[in-house]
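Structure at a glance
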Amino acid sequence: MMNNLDEDNKFFKDRGFGKSLGLDGKICFIVVDVIKGFTNTAHPLGADLSNQINKINTFLNFCKNEKIPTIFTRIAYENADLTDKGIWFHKMQGLETLIENTTNVELDERLDCQQGDSILTKKYASAFFGTDLATRLTTNNIDTVIISGTTTSGCVRATVVDAIQSGFRPIVLDDSCGDRSIKSHEQSLFDMKQKYADILSTEDCMNSISKTKKGSLEHGI
């Protein structure tokens, strides 16, 4: 007898969902919003992402060895009256903690982010919305974006949807993404797998890249 997950998987598979996008062309690694305001559990937007940060660092080390470029994103608001946060604040009051020049908008110090790495500042969920991310990627002929970070159901998912809508292949590292709710995390991964992205573990993604390296896959910004 199938459980609900088995039934859902069969339902979507029978209707042609969940096809593989694959790793193709030039790739870039995007680390979404692993900032102190999201990784400190004492803060309203915080969650424990210790395991995810370890996985991200494993992939960052792999990227450095393979010369795969990385872009880190963060959310930060510049205006003291928070007028640059739009109406999103009315849904998530915790955004008031993400003020420029405060520690909350800094990348978590446990991340292996080195001097010279690209850091992109955004104000909304998607790393594409209101930023020059698409321009950075297309200028450097990027085809595939590998995405990790937080939260799976929020900024990661929004970035994934905008990535595929913008013509990039999204690959999500499931064990390198985190959320405040495990149910939200799992459901979002399932939904993205069916509609918007390939879902791989960090190890499987590294193995896939290594196997494909001798073929057509390239890296580059």
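Below is a summary of the structure that appears in this document.

Rules behind the numbers
- Residues numbered from 1 in each chain as written.
- Predicted model: local features only at pLDDT ≥ 70, side-chain atom pairs only at ≥ 80, totals over all residues.
- Heavy atoms only, no water.
- Helix = DSSP H or I, 4+ residues; strand = E, 2+ residues; numbered from the N terminus.
- Rg over C-alpha atoms; globule rule 2.2 N^0.38 Å.
- Axes fitted to C-alpha atoms, helices over the stretch in contact; angles between N-to-C directions.
- Parallel < 35°, antiparallel > 145°, perpendicular 65-115°, else oblique.
- Left-handed = near helix turned anticlockwise from the far one by under 90°.
- Contact = heavy atoms within 4.5 Å.
- Nonpolar A, V, L, I, M, F, W, Y, C, P; charged D, E, K, R; others polar.

Quick notes on the overall build of the protein
Helices and strands together make up the secondary structure of the protein, namely 7 helices and 7 strands. The order of helices and strands in the protein, counted from the N terminus, is α-β-α-α-β-β-α-β-α-β-α-β-α-β. Whereas a compact globule of 221 residues would reach a radius of gyration of roughly 17 Å, the protein reaches 17 Å, a difference of no more than 12%. For the protein, the C-alpha atoms occupy an extent of roughly 50 × 45 × 30 Å along the three principal directions.

Notes on the packing of helix α3 (residues 50–66) against helix α7 (residues 202–212)
Contact pair α3 / α7: the axes reach a minimum separation of 10 Å and the direction vectors enclose 10°. The angle between the axes of α3 and α7 places the two elements in the roughly parallel class. Here the hand of the crossing between α3 and α7 comes out right-handed. Facing K55, T58, F59 and F62 of α3, the residues of α7 in contact are T202, C205, M206, I209 and S210. Residue composition of the contact of α3 with α7, grouped by class: 5 nonpolar, 3 polar and 1 charged.

Some details on unusual backbone geometry
Here T150 and T151 are connected by a cis peptide whose omega angle stands at -10°. Tracing the backbone shows T151 in the loop between β4 (142–150) and α5 (152–165). In this structure, K67 takes a positive phi of about 60° despite not being glycine. With respect to the secondary-structure elements, K67 resides in the loop between α3 and β2 (70–75). We note that N101 has phi near 70°; this positive angle belongs to a residue other than glycine. Along the chain, the position of N101 falls in the loop between β2 and β3 (118–122).

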